[in-house]
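One-letter residues, chain by chain:
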Amino acid sequence: MNNNISNGVKKIVFSGVQPSGVLHIGNYFGALQQWVDMQDKYGCIFCVVDYHAITVKQDPRQLNKNIINTVRAYLASGINPERSIIFQQSDISAHTELAWILNCIARISDLNKMTQFKEKSGDSRENVGVGLFAYPVLMAADILLYNTDAVPVGEDQKQHVELSRALARRFNAQFGHTFKIPEAIIKKESARIMGLDNPAKKMSKSAASPANYIALTDKPEVAAKKIMRAVTDSGKEIKFNIVKRPAIANLLNIYALLAGKNIKTLEREYAGRGYGDFKKDLGKVTGEFLSPWQKKYYSFSDEEIKKILKAGAEQARPLAKATLIKTKKNLGLI
Ligand code: AMP
Ligand code: TRP
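The residue numbers shown here count from 1 along each chain, following its written sequence. As they are written, the chains are lettered A onward and the ligands numbered 1 onward, keeping that order. Thresholds applied to this predicted model are a pLDDT of at least 70 for local features of residues and 80 or more for the giving and counting of side-chain atom pairs; totals over whole chains, interfaces and linings are not thresholded and use all residues. As a rule here, side-chain values come from all non-hydrogen atoms in the structure, and water together with hydrogens is ignored.

Student: What am I meant to see in the overall build of the protein chain here?
Tutor: Looking only at helices and strands, the protein chain has 14 helices and five strands in total. Restricting the calculation to C-alpha atoms gives the radius of gyration, and the globule rule supplies 2.2 Å times the number of residues raised to the power 0.38. A compact globule built from 334 residues would reach a C-alpha radius of gyration of about 20 Å, and the protein chain, at 21 Å, matches this within 12%. Principal-axis analysis of the C-alpha atoms places the extent of the protein chain at approximately 70 × 45 × 40 Å. A burial count over the protein chain gives 50% of its 334 residues as buried. Residues are treated as being in contact if the distance between any of their heavy atoms lies within 4.5 Å. Considering only contacts within the protein chain whose residues lie at least 6 apart along the sequence, 76% involve residues at least 24 apart. Using a 1.4 Å probe, accessible areas were evaluated by the Shrake-Rupley method; residue-level cover was limited to the displayed protein chains. Roughly 16,100 Å² of accessible area belongs to the protein chain as shown, and the carbon and sulfur atoms make up 52% of that amount. The positive count covers Lys and Arg only, the negative count covers Asp and Glu only, and His and the chain ends enter neither. Positions of charges follow a simple convention, taking NZ of Lys, CZ of Arg, CG of Asp or CD of Glu. With 49 positive and 32 negative side-chain charges, the protein chain shows a separation of 2 Å between the mean positions of the two kinds. Put simply, DSSP H or I for four residues or longer makes a helix, DSSP E for two residues or longer makes a strand, and each gets a number counted from the N terminus. Type-normalised accessible area, obtained with a 1.4 Å probe on protein chains alone, sets the label of each residue: buried when under 20%, exposed when over 50%, and partly exposed for intermediate values.

This is the structure:
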């Protein structure tokens with residue numbers, strides 16, 4: 001299993017999702033769907049990044065459930081544990097060890113530039129945890145441990161992957177070649193799904209209201225209601241214009257992704273028809289996507305998932321260890 005990764009023939013893909021809440025269609029189209037498509041061409045490693053999730057407050061019992069449910073969502077989306085490694089970040093201590101080392105290479109000025117930190121910390125910048133500030137360094141460790149070639153993510157993570165590249169280059173320049181320089185892979189159409197209640201901000205698991213997102217576990221009728229209530233722009237034409245009509249552009253984008261149709265085709269189909277019709281159909285298309293996905297989702301037991309995580313950690317651990325040892329040698333620690 002996974003000779004793909006150890007024999008060095010295929011390029012390596014690494015990515016992860018935080019187990020910090022329900023996954024939504026933004027996660028699916030921004031990340032999961034791309035991952036599934038990459039399983040043929042690459043040696044893939046998909047992580048549940050639990051140490052990232054604790055950078056903000058989590059309820060311990062809920063966190064534990066979220067870890068399992070995140071894997072469940074990977075499986076329901078088509079990630080195959082026979083072909084890809086799936087594991088839990090905190091199972092492999094090399095992640096935090098390398099993060100410490102990279103913390104000594106990263107500068108405060110690097111992290112001060114991170115827009116996600118600025119957004120997440122808001123006005124309380126001095127009072128949020130140090131972990132939230134240092135989180136992109138842990139992400140760099142995740143990626144660099146596996147000699148990763150490609151990191152499929154949504155647009156919001158681009159800056160973090162760039163930091164990983166910069167840290168790898170800086171380390172290599174100071175201590176000799178140690179890390180491969182990874183590349184972010186961002187699919188244009190699905191890079192940024194916006195909130196249903198506010199098309200100026202991305203759809204997010206941590207949004208204040210569940211009206212913001214279509215969770216992958218929302219019952220089809222709930223999802224359809226959320227769509228009916230989604231904000232729209234003034235005017236009534238179904239036309240894609242991201243600047244002037246961001247709300248309808250977002251819904252058109254979602255429709256196109258769910259139905260596998262072109263936006264231009266949808267514009268033609270809905271020419272002369274109103275938002276009501278369009279939203280009703282979008283609700284239907286969403287349900288047609290969610291139903292089979294959920295059937296698969298609920299088919300995996302907790303026990304099965306725990307086994308997959310254990311086997312995944314066993315496969316990933318030696319790979320991570322090899323990079324960590326090389327890094328320590330180059331630093332003079334060994
Ligand atoms: P997160 O929910 O922040 O753990 O993100 C997990 C993955 O989903 C990352 O690759 C993100 O870039 C991607 N993602 C999260 N929200 C969105 C969104 N609204 N649109 C597109 N991709 C997203
Ligand atoms: N920071 C990413 C997010 O919030 C999750 C993540 C952690 C990740 N480590 C990673 C993504 C490594 C890709 C590669 O979405």
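Read on, since the account is not over.
Student: I keep staring at the UniProt feature "short sequence motif: 'HIGH' region" (unreviewed entry) in the protein chain and nothing clicks. Help me out?
Tutor: On the UniProt side, "short sequence motif: 'HIGH' region" (unreviewed entry) is annotated at positions that read residues 19-27 here. Helix makes up 33% of residues 19-27 and strand makes up 0%, while its end C-alpha atoms are separated by 12 Å. UniProt positions are given in the numbering used here, feature names are shortened, and annotations may be inferred rather than shown by experiment.

Student: Would you mind going over the site of ligand 2 with me for this structure?
Tutor: Near ligand 2, the surroundings consist of 13 residues, among which Gln18, Tyr135, Met139, Asp142 and Gln157 are the closest. The separation between an oxygen atom of ligand 2 and a polar side-chain atom of Gln18 is 2.9 Å. Contacts described as polar in this section are N or O atom pairs within 3.5 Å, which, within protein, must combine one atom able to donate a hydrogen with one able to accept it, while residues neighboring in sequence count only if both atoms come from side chains. Here Tyr135 contributes a side-chain N or O atom positioned 2.6 Å from a nitrogen atom of ligand 2. Alone, ligand 2 offers 360 Å² of accessible surface; in the complex the protein occludes 91% of this. Put simply, the parts of the chain that give the shell around ligand 2 at least two residues each are strand 1 (12-17) and helix 8 (130-144). One heavy atom suffices: a residue is near a molecule or strand as soon as one of its heavy atoms comes within 4 Å of it.

Student: I'm lost on the site of ligand 1 in this one. Help?
Tutor: By nearness alone, 18 residues border ligand 1, and Asn27, Gly154, Asp156, Ile193 and Lys205 come closest of all. At 2.8 Å, a side-chain N or O of Lys205 approaches an oxygen atom of ligand 1. When the free accessible area of ligand 1 is taken as 480 Å², the share hidden by the protein chains comes to 94%. The biggest single contributor to the shell around ligand 1 is helix 2 (residues 25-38), with four residues. The class makeup of the residues in the shell around ligand 1 is six nonpolar, eight polar and four charged. Ten residues, namely Ala, Val, Leu, Ile, Met, Phe, Trp, Tyr, Cys and Pro, are considered nonpolar, four, namely Asp, Glu, Lys and Arg, are considered charged, and the remaining ones, Gly among them, are considered polar.

Student: Before we go on, may I ask you to explain the packing of aromatic side chains in this structure?
Tutor: For Phe, Tyr and Trp, where Trp contributes only its six-membered ring, two rings pair if their centres lie within 6.5 Å, and the inter-plane angle classes them as stacked under 30 degrees, edge-to-face over 60, or tilted in between. Inspection of the entire model under this criterion finds 16 aromatic pairs. On the basis of an interplanar angle of 75 degrees and a centroid distance of 5.0 Å, the ring pair of Trp35 and Tyr74 is categorised as edge-to-face. Residue Trp35 is found in helix 2, and its partner Tyr74 is found in helix 4 (residues 60-77); the two are separated by 39 residues along the sequence. Of the residues examined, Trp35 reaches a relative accessible area of 0% and is grouped as buried. For Tyr74, a relative accessible area of 0% gives the class buried. An aromatic cluster of three or more residues is present, and its members are Phe14, Phe87 and Tyr146. When the ring centre of Tyr297 is taken as reference, the NZ or CZ atom of Arg72 above it lies at 5.9 Å. Geometrically, a lysine NZ or arginine CZ counts as sitting over a ring once it is within 6 Å of the ring centre and also within 35 degrees of the ring normal.

Student: Just to check I follow, could you spell out the domain arrangement of the protein chain for this structure?
Tutor: Size of an interface: often given as the accessible area lost when the parts come together. In this entry, domain limits derive from an automatic or database-based domain assignment. In terms of domain boundaries, the protein chain breaks down into domain 1 (3-192 + 303-331) and domain 2 (210-296). Facing the 15 residues of domain 1 at the interface are 12 residues of domain 2. Summed over both partners, buried area is the accessible surface (1.4 Å probe) that two parts give up on being assembled. Interface area for domain 1 against domain 2, summed over the two sides, is near 1,200 Å², with a carbon-plus-sulfur share of 72%. Taken as a group, Ile25, Phe29 and Ala76 account for 44% of the area that domain 1 buries against domain 2, more than any other trio of residues on that side. Salt bridge, as used here: a side-chain nitrogen of Lys or Arg that lies within 4 Å of a carboxyl oxygen of Asp or Glu. Joining domain 1 to domain 2, the criterion identifies zero salt bridges.

Student: Can you walk me through unusual backbone geometry in this structure?
Tutor: The bulk of non-glycine residues show a negative phi, and the bulk of peptide bonds are trans. For Asn147, which is not glycine, the phi dihedral falls at a positive 50 degrees. Following the sequence through the fold, Asn147 ends up in the loop between helix 8 and strand 4 (150-152). The partly exposed category is assigned to Asn147, whose relative accessible area is 32%.

Student: I tried to follow the state of the cysteines on my own but got confused; where do I start?
Tutor: Formally, a disulfide is one covalent bond, and it connects the sulfur atom of one cysteine to the sulfur atom of another. Note on terminology: disulfide denotes any pair of cysteine sulfur atoms within 2.5 Å. If you walk through the whole model with that rule in mind, you get zero disulfides. The cysteine Cys44 is free of any disulfide, with Cys47 supplying the nearest cysteine sulfur at 13 Å. Judged by its relative accessible area of 0%, Cys44 falls in the buried class.

Student: Honestly, the packing of helix 11 (residues 246-259) against helix 13 (residues 275-297) in this entry has me stumped. Any pointers?
Tutor: Geometrically, a packed helix pair is captured by the angle between its two axes and the distance between the axes. At a minimum axis separation of 10 Å, helix 11 and helix 13 run at an interaxial angle of 35 degrees. For the element pair helix 11 and helix 13, the recorded crossing hand is left-handed. Here Ile248, Leu251, Leu252, Ile254, Tyr255, Leu258 and Ala259 of helix 11 lie close against helix 13, whose contacting residues are Tyr275, Phe278, Lys279, Asp281, Leu282, Val285, Thr286 and Phe289. Interaxial angle, 0 to 180 degrees, is taken between N-to-C directions of lines fitted to C-alpha atoms, where a helix line uses only the stretch in contact. Each crossing gets its hand from how the near helix is turned against the far one by less than a right angle, where anticlockwise is left-handed and clockwise is right-handed.

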